[in-house]
Structure formats: C-alpha cells, structure tokens
Amino acid sequence: MYHLRLKGNHYEMGVKRGKIFKKCQISFPLQLDDFQLEHGRKSEKIVREFFPEVCEEMKGVSDTIGVEYLYLVSWMLCMGCCMYNLENNIPVEIRGCTAFAYSIGGRIIYGRNNDLPPYLREGSKSEIYVPKGGNRFNLTTSSFINGEEGLNEYGLAAAMTFVMTDLEKIQAGFNSCFIVRYLLEKANSVKQAIALLLKLPIASNCNILLADKSGSMAVVESTPTVKKIRGAEVFGNDSIVCTVNRFISDEMKPYDDTNGNDYNSYKRYKVVIDSFSSRHIREDYIETTKQLLKGDYGFICQYDDEPDFETVWSSIFDLKSLVIYRAEGDPRKKKFIRDNRLCNIISS
C-alpha cells in the first residue's frame, strides 16, 4: 500500500500525482466502449457542477501523463458503476466489503474490510489530503482521487459499499467512490453530509455509511432514483450501523440487482450485528474490533474458497482521536498498524 500526502490547489495535487505515475511508469487500461464514454461525458458535467475542484485534479493528472482528459475521467467515473457487466472491460468489477460504525461507552469506532481481487492490493493507497479550501482528510482507495473510505479532520467517517445495478438502470452522476471523496472534503457532520448527499445525482446502486464523533450515524441506501436513510440499530445505550453489498431496508430490496451474487453479504451483516448485540465488542474496543474484522466471531473475511478474491485491507477509525489502525492485507495474516498522520496534522 502506498502512503501519499497531497497539499495545495487541486490542479497542483493532480500534477504531483501525475509525476509520480510517470516516474513509476504506470499506465492505465482505458478500454471503454461507446456506452461508457457517453456515461463518462454526461457524468463529468454533473460532477463539475457539484465538485469542480476534483475535475481540476483529474485534469492535472491527465495533462501530466499525456492522456486525453475525457477518457481518463470517463474511466474513473465508470468505476464501481458500469465496469462490472461489460465483458471486454479491464478491470471487471467484483467487490465485497463490510463496513460498520458503533457508539459504545463514549467511544465512536468505525471498521471495514475492503474485499477485492488480490491484484489491487499492491496498488492500494492511504492518502492524506490537505486541499486548498477544503477539509483535511485521510482517504483509503484501490484507485486514486476517489476512494472507498475515509476520515476527515472533523471526525466524520464516510464509506461506500457496492451494490449491483442493471446496466439499463444506470444514469449519469456520481459513482459511490466519488461520493465518499466529495463528502469527506465538503462535510463536517453526518447531518451536513446527508443534506449534501440527498442533492447529488447518483449513477448506480450503492450504500454510503456515515458516522461522526458526536455518535450520529446512518447508512444512505442509494439508487439513481431513490435514496433511503437507514438509522442505527440500538441496543440499550449503544448503537451500530453496518453496510454490505446489498440493501437491508425492505423498501429498497426491489432495486437490488445482485441476485444473490454478493459474497455472503447478509451473513457478514449478521455477524457484525450479532457480535455487537451479544457483547463481543467489549471495553478494549480497538482489539475486539480487530477480532471481528479477522473473523474470530464468524464469517467476514474468510474467502479461502473464492478464487481471486480476498480482503486487501482492513481499517479501524477512532472518530474522536482521529487515530487510524490499518492491516494492509488479509487481517488474519497482517498486523494492524497505527496511523497517526491525520491527528498529527490537526494537532500541529
């Protein structure tokens, strides 16, 4: 996993990343068909309306590496959206992932297993952003510029999980990974993040988990036409939200096109909720959250029988202290390492 720090205006940050790509001789398989290119063109206009800064960042990359801007942007806006069901695409979209946040004993903790094909492990990144005019945040990503999860300086965590969408239902708009990036940079609380999210055009089905250091938390189950806010489950004075690769709310299930091909999503969801309700998560919250992510309490990362699929990283965020713990690989095999970069920036 690469650890990068980006600072300055967005175009400058894109140029810095582009120079790194050139130095490392990294190229991109921009094999897009007419549908994807059209989706990219239409979506770029929407992203530019709401988040022009990130378009400038992508422009900085494209200018530096010598790739046509709209091809690069289209490729990035198709990620997690309409890469998975077109046979000739590189890469083919398959995604697992379990994310949750809980409030207990005055602590607000977030956890995640990010499940992907193993070839994405080495290229994954944990990045510190200090953008001019925006929130400072940590972004964890198997791509770049957009991301699967993150934590910002206000103690707001945002994360996505992928939900299958029929190709005919996909619309122009933000994909889930750009939603995460947008909310981390623009919002300082769950309330503000939800208000921003409800206004965004969404490209395809996804779940967006939000939690902040006050203990507010929710999952926004999102489609191109409908959004549903799912609140936390409450157990006494404690609460938890969890998201996997399906919709949990009954009213959203008809929009889910997974057809059971979701890497045992509901089993993973139940393991998280049952572990919390049965008090496996005890006073040493970080350690017991590690055990949950390792699969000690049930199936959550044990993809040993799945070819070319595994947990490529696991994360734990302490939303009040801004300390992050991360296992860069299968959490059963890799140690969780403490990452103080974000809290050090805020306290300096």
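For the structure itself, consult the block above.
Procedures and definitions
- Residues numbered from 1 in each chain as written.
- Predicted model: local features only at pLDDT ≥ 70, side-chain atom pairs only at ≥ 80, totals over all residues.
- Heavy atoms only, no water.
- Pairing = 2+ DSSP bridges.
- Helix = DSSP H or I, 4+ residues; strand = E, 2+ residues; numbered from the N terminus.
- Axes fitted to C-alpha atoms, helices over the stretch in contact; angles between N-to-C directions.
- Buried < 20%, exposed > 50% of the residue type's maximum accessible area, 1.4 Å probe, protein only.
- Polar contact = N/O pair within 3.5 Å; in protein donor to acceptor, adjacent residues only side chain to side chain.
- Contact = heavy atoms within 4.5 Å.
- Disulfide = S-S within 2.5 Å.
- Phe/Tyr/Trp six-rings, centres within 6.5 Å; stacked < 30°, edge-to-face > 60°.
- Core = buried A, V, L, I, M, F, W, Y, C linked by side-chain atoms within 4.5 Å.
- Parallel < 35°, antiparallel > 145°, perpendicular 65-115°, else oblique.
- Left-handed = near helix turned anticlockwise from the far one by under 90°.

Undergrad: So what about the sheet that holds strand 10 (residues 227–231)? Which residues, and what values?
TA: The 8 strands lie next to each other as 1-4-5-6-7-8-9-10, forming an open sheet whose pairing is mixed. Only two strands of the sheet have a single partner each, and these edge strands are strand 1 (2–8) and strand 10. Each strand of the sheet is rotated relative to its neighbour by a mean of 15 degrees, with strand direction disregarded. Pairing analysis gives 7 bridges linking strand 7 (residues 156–162) to strand 8 (residues 206–212), with the strands arranged antiparallel. By the bridge assignment, leucine 156 is partnered in strand 8 with aspartate 212.

Undergrad: Explain the environment of aspartate 238 residue by residue, including any values.
TA: Along the chain, aspartate 238 turns up in strand 12 (residues 238–243). Its relative accessible area of 9% is what places aspartate 238 among the buried residues. Along the primary structure aspartate 238 and arginine 107 are separated by 131 residues, whereas in three dimensions their C-alpha atoms are 9.9 Å apart. In this structure the side chain of aspartate 238 is engaged in a polar contact, spanning 2.5 Å, whose partner is the side chain of arginine 279.

Undergrad: Outline the sheet that holds strand 13 (residues 310–318), supporting the account with residue identities and numerical values.
TA: The sheet built from 7 strands is open, its strands ordered 11-12-2-3-13-14-15 with antiparallel pairing. The sheet is open, and its two edges are formed by strand 11 (233–235) and strand 15 (337–339), each paired on a single side. Strand-to-strand twist across the sheet, computed as the mean angle between neighbouring axes with direction ignored, equals 20 degrees. Sheet topology places strand 13 next to strand 14 (residues 323–327); 5 bridges connect them, and they run antiparallel. Residue phenylalanine 317 lies in a different strand from strand 14, and its bridge partner there is isoleucine 324. Those strands touched by helix 7 (residues 265–277) are strand 2 (98–104), strand 3 (107–116), strand 11 and strand 12, and its axis lies near 170 degrees from that of strand 12. In the packing of helix 8 (residues 285–294) onto the sheet, contacts are made with strand 2, strand 3, strand 13 and strand 14, and the angle to strand 3 comes to roughly 25 degrees.

Undergrad: So, the state of the cysteines: which residues are in play, and what are the values?
TA: Within the structure shown, the criterion is met by 0 disulfides. Unpaired in terms of disulfides, cysteine 55 finds its nearest cysteine sulfur in cysteine 78, a separation of 14 Å.

Undergrad: So what about the packing of aromatic side chains? Which residues, and what values?
TA: The geometry of an aromatic ring pair is captured by the separation of the ring centres together with the interplanar angle, meaning the angle of the planes. For the coordinates displayed, the defined rule picks out 14 aromatic pairs. Geometrically, the ring pair formed by tyrosine 129 and phenylalanine 137 is stacked, given 4.9 Å between the ring centres and 10 degrees between the ring planes. No difference in accessibility class separates tyrosine 129 from phenylalanine 137, as the two residues are buried. Measuring from centroid to centroid gives 5.6 Å for phenylalanine 174 and tyrosine 182, while their planes differ by 55 degrees, and the two rings are tilted.

Undergrad: An account of the nonpolar core is requested, with residue identities and associated values reported.
TA: Among the nonpolar cores identified, the biggest contains 53 residues, and Met58, Met76, Ile145, Phe174, Ile179, Leu183 and Leu210 are the most heavily contacted of them. The greatest single-element share of this core, amounting to 7 residues, is contributed by helix 5 (residues 176–186). By size, the runner-up hydrophobic cluster in this structure holds 46 residues, among which are Ala157, Ala159, Tyr285 and Ile324.

Undergrad: Kindly report on the side chain of asparagine 138, identifying the contributing residues and their values.
TA: In this structure, asparagine 138 sits in strand 5 (residues 137–141). Note on asparagine 138: relative accessible area 0%, which makes it buried.

Undergrad: Account for the pairing of strand 7, naming residues and giving values.
TA: Counting buried residues in strand 7 gives 7 out of 7 residues, a clear majority hidden from the surface. Burial of the side chains of strand 7 extends over both faces: Leu156, Ala158, Met160 and Phe162 are buried on one face and Ala157, Ala159 and Thr161 on the other. Counted along the chain from strand 6 (residues 149–152) to the antiparallel partner strand 7, the turn is 3 residues long, and its residue glycine 155 has a positive phi close to 75 degrees.

Undergrad: Describe the packing of helix 3 (residues 52–65) against helix 4 (residues 69–78), naming the residues involved and giving the relevant values.
TA: Axis separation between helix 3 and helix 4 bottoms out at 9 Å; the angle between their running directions is 120 degrees. By the angle between their directions, the pair helix 3 and helix 4 is classed as oblique. Once helix 3 is placed against helix 4, the crossing between them reads as right-handed. Contact residues: helix 3 offers Cys55, Met58, Lys59, Val61 and Ser62, while helix 4 offers Tyr69, Leu72, Val73 and Met76.

Geometric values such as these leave the question of function open.
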